[in-house]
Amino acid sequence: MSLEKITNELRTRIGAHSPLTAIIKFDFGDDGVVRIDGKSSPTVVDNADSEADCTVKVTMDNFVQIAEGNLNPQMAFMTGKLRVEGDMSLAMQLGSILG
């Protein structure tokens, strides 16, 4: 799955009003980033690599597996496949976006 496809899928899932009023960034390393700005109205989903309240570092493949329900996010975190920087409580709320 491409960065553009992930960005568009998240944009569709979230719509104009994110359930999270924060800036979340998914960092896929060399594959790029997807940033969700829930502080903006309407919500902005883009590929800007700027400051975020919470950054989730994960490979694109693992992200897709989590989004499809094939990889448990807690297990991915405990095994080091997913790392969180910033506000951990925001990361815990991502199920409302991904699930």
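Up top is the structure these notes are about.
What counts and what doesn't
- Residue numbers here run from 1 along each chain, matching the order of that chain's written sequence.
- In view of the model being predicted, local features appear only for residues whose pLDDT reaches at least 70, and side-chain atom pairs are presented and counted only at 80 or more, with totals across whole chains, interfaces and linings using the full set of residues.
- Remark: hydrogens and water are excluded; side-chain values derive from all non-hydrogen atoms of the structure.
- Only protein chains enter the accessibility calculation, which uses a 1.4 Å probe. A residue is then buried if its area is under 20% of the maximum for its type, exposed if over 50%, and partly exposed in between.
- Helix and strand definitions here come from DSSP, where helices need a minimum of 4 consecutive H or I residues and strands a minimum of 2 consecutive E residues; each element is numbered from the N-terminal end.
- Paired strands are those between which DSSP finds at least two bridges.
- The contact rule is simple, with two residues in contact once any of their heavy atoms fall within 4.5 Å.

Q: Mind showing me how you'd approach the pairing of strand β2 (residues 33–37) here?
A: Regular strands place their side chains on alternate faces of the sheet. Buried residues dominate β2, accounting for five of its five residues. Of the two faces of β2, the one holding Val 33, Arg 35 and Asp 37 and the one holding Val 34 and Ile 36 are both buried throughout. Adjacent in sequence and paired antiparallel, strand β1 (residues 23–27) and β2 are bridged by five residues, among which Gly 29 carries a positive phi angle near 65 degrees. In this structure, β2 lies alongside strand β3 (residues 44–46), joined through three bridges in antiparallel fashion. Note on β3: the bridge partner recorded for Arg 35 is Asp 46. Linkage of β2 to β3, two consecutive antiparallel strands, is achieved through a turn of six residues.

Q: How do you make sense of the environment of Leu 3 when you look at a structure like this?
A: By secondary structure assignment, the location of Leu 3 is in helix α1 (residues 3–14). For the pair Leu 3 and Asp 31, spaced 28 residues apart in the sequence, the C-alpha separation amounts to 7.1 Å. Not counting chain neighbours up to four residues away, the residues in contact with Leu 3 comprise Phe 28, Asp 31, Gly 32, Val 33, Val 34, Asn 47 and Met 60.

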